[in-house]
Amino acid sequence: MKLIALASLALALAWPLGAAQAQTTDKKPAAAKKAPAKASTAKKATTQKKAVAKKKVPAKTAKAVEANTPVTPISNYLSAAELAIADRIQTGKIQCELGADVTVKADEQNRGFFHISTGKRRYYMYPVESRTGAIRLEDGKAGAMWLQLGNKSMLMDQKAGQRVADECATAEQRLVADKMKADKTPGLLDDLKK
């Protein structure tokens, strides 16, 4: 019984191989003739694709599509907490140490976003929640951060790991700094025995 099953299995396996060999020997000349046709068809398809790619959309059509496409303002991507942070950002030309200055300007078209510049450096920043409660703006693409504390602000280049501008202070921040000096409240690292 096992012998009959093995013989029929061998015959079943051998039959498609013999048929495939017979087909390939019969169709070899036809396949050789079809190969150049396929190559020419492929060439035609690529030239047609190039022709389609070269066609430009008429300006009138592009404007119509642009006008009817809904645009989501990037401000919608900020959370309510991030928008609250943005409302607390101090703007204007802020003087820093060593005669440097930083200009912080709110983007009028996108609430919560800011243009920050100093010298030749330009950043486009958005608010980020911090664990410490400090007011923080970031430009993820450029790797920059604007940190605003009660008594000073600073601009940092996170990629280079250095401060671009330090000890920047608006009039409000200078008042807070003066009050901190007048109170003489010991800092966290100050010696309490004094």
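J.: Got a minute to help me understand the overall build of the chain in this structure?
T.: Along the chain, the regular secondary structure elements total four helices and eight strands. Shown N-terminal to C-terminal, the secondary structure of the chain runs as helices and strands in the order α-α-α-β-β-β-β-β-β-β-β-α. Looking at the chain as a whole, 25% of its 194 residues are labelled buried. Excluding contacts between residues fewer than 6 apart, the proportion of contacts in the chain whose partners are at least 24 apart in sequence is 36%. If you sum the accessible surface of the chain, you get close to 15,100 Å²; carbon and sulfur atoms cover 60% of it.

J.: Whenever I open this one, the sheet that holds strand β1 (residues 92-95) confuses me. Can you help?
T.: For sheets, the rule is that strands pair by backbone hydrogen bonds, running either parallel or antiparallel. Spatially, eight strands are ordered β1-β2-β3-β4-β5-β6-β7-β8 in an open sheet, and the strand pairing comes out antiparallel. Lying at the two open borders of the sheet, with one neighbouring strand each, are β1 and β8 (162-168). In this sheet, adjacent strand axes meet at a mean angle of 25° when their direction is disregarded. Against the sheet, helix α3 (residues 80-87) contacts β3 (114-118), β4 (121-127) and β5 (135-139), and its axis sits at roughly 130° relative to β4.

J.: How do you make sense of the state of the cysteines when you look at a structure like this?
T.: What is meant by a disulfide is a covalent connection between two cysteines, made through their sulfur atoms. Counting across every chain of the model gives one disulfide. Note on cysteine connectivity: Cys 96 is disulfide-linked to Cys 168, with sulfurs 1.9 Å apart. The sign of the 105° torsion about the S-S bond sets the Cys 96-Cys 168 disulfide as right-handed. Residue Cys 96 is located in the loop between β1 and β2 (101-106), and its partner Cys 168 is located in strand β8; the two are separated by 72 residues in the primary sequence. In this pair, the class of Cys 96 matches that of Cys 168, namely buried.

About the cut-offs
- Counting from 1, residues in each chain are numbered in the order their sequence is written.
- Local features in a predicted model are, by the rule used here, given only for residues with pLDDT of at least 70; side-chain atom pairs are given and counted only at 80 or more, and totals for whole chains, interfaces and linings are based on all residues.
- The side-chain numbers reported here are obtained from all heavy atoms of the structure, hydrogens and water having been left aside.
- Put simply, DSSP marks the helices as runs of H or I at least four residues long and the strands as runs of E at least two long, and each gets a number from the N terminus on.
- For the exposure calls, accessible area comes from a 1.4 Å probe over protein chains only, and a residue counts as buried if that area is under 20% of its type's maximum, exposed if over 50%, partly exposed in between.
- The contact criterion used throughout is that any non-hydrogen atoms of two residues lie within 4.5 Å.
- For the area figures, the Shrake-Rupley method with a 1.4 Å probe applies, and any residue is considered shielded solely by the protein chains shown.
- By this definition, two strands are paired if DSSP reports at least two bridges between them.
- Convention adopted: a line fitted to C-alpha atoms gives each axis, helices being fitted over their contacting stretch, and angles between N-to-C directions are expressed from 0 to 180 degrees.
- Cysteine sulfur atoms are paired as a disulfide whenever they come within 2.5 Å of each other.

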